[in-house]
Amino acid sequence: MTTVLRPEARVACLEVLRREYMNDIIARAARAHRSVRITSYVLADSGEERRADLGLIRAHAVTLGWKVAPTTFADLGQPPSLTQRPGFGGACRYATQCYAHGILAIARPALTPDDEAYTHVLEYLYHRGVFLAYLPAVCAGH
C-alpha cells in the first residue's frame, strides 16, 4: 500500500528537506572555516523587477553574514520547466563548480511548482555541495 501525501504535506516535507540540506552545507563550510557564498537567481518580467529582487536577495544574504557572488542569474517569464531556463541552469553550473555554496532566490515559486522536478533539483544540488535558499516570506512579499 502506497501512502499519498496531500499537496500541502508534500510541500512541507520538501521544505524540511531543503532546510536540512542547507543547514548541512552551511555546517560543512563552518567546519572548513569558510564563509558561506551564494549566487542570486531571479525570475522576473522586467529589468526593473530583476534589479529590485536582486537588491532584496543581496540585503538578506548580508544580514545572514553570507558573501554574495558578483555573478547573478535570471530568467524572464515562466518557462514550462526548469530545463528550459538558461538562467537557472547557469546558476546551478556556477554553484556546482564551487563558486558558491548556495543559490538564493525570492521564493520557491521562482523555481517550480512541480514537486518532482523540485525534489530532483534539491537532490542534484545537495550531492554536489549546493543548497537552495529563499527570502523569508515577509521580505519576499514585496
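Preceding this section is the structure that the text describes.
Residues numbered from 1 in each chain as written. Predicted model: local features only at pLDDT ≥ 70, side-chain atom pairs only at ≥ 80, totals over all residues. Heavy atoms only, no water.

(A) The packing of aromatic side chains, seen in detail. Enumeration over the complete set of coordinates arrives at five aromatic pairs. A connected cluster of aromatic rings, assembled from ring pairs, spans F73, Y94 and Y99. Sitting above the plane of the Y118 ring, R108 keeps its charged end 3.9 Å from the centroid. (Phe/Tyr/Trp six-rings, centres within 6.5 Å; stacked < 30°, edge-to-face > 60°. Lys NZ or Arg CZ within 6 Å of the ring centre and 35° of its normal.)

(B) Quick peek at unusual backbone geometry. In the Ramachandran plot, H33 falls in the positive-phi region, its phi being about 55° despite a non-glycine side chain. Among the secondary structure elements, H33 is positioned in the loop between α1 (7–31) and β1 (37–44). One non-glycine residue with positive phi stands out, namely C98, at about 75°. Within the element layout of this structure, C98 appears in helix α3 (residues 86–99). (Helix = DSSP H or I, 4+ residues; strand = E, 2+ residues; numbered from the N terminus.)

(C) Spotlight on the pairing of β1. Most of β1 sits inside the fold, with seven of its eight residues counted as buried. Examined bridge by bridge, β1 and strand β2 (residues 67–76) share seven bridges and lie parallel to one another. In the sheet register, I38 faces β2, and the bridge partner there is V68. Between β1 and its parallel partner β2, the chain crosses via helix α2 (residues 47–63), and the hand of that crossover is right-handed. When β1 meets strand β3 (residues 102–105), the two strands line up parallel, connected through three bridges. In the strand pairing of β3, T39 is matched with I103. (Buried < 20%, exposed > 50% of the residue type's maximum accessible area, 1.4 Å probe, protein only. Pairing = 2+ DSSP bridges. Right-handed = clockwise from strand over helix to strand, strands pointing away.)

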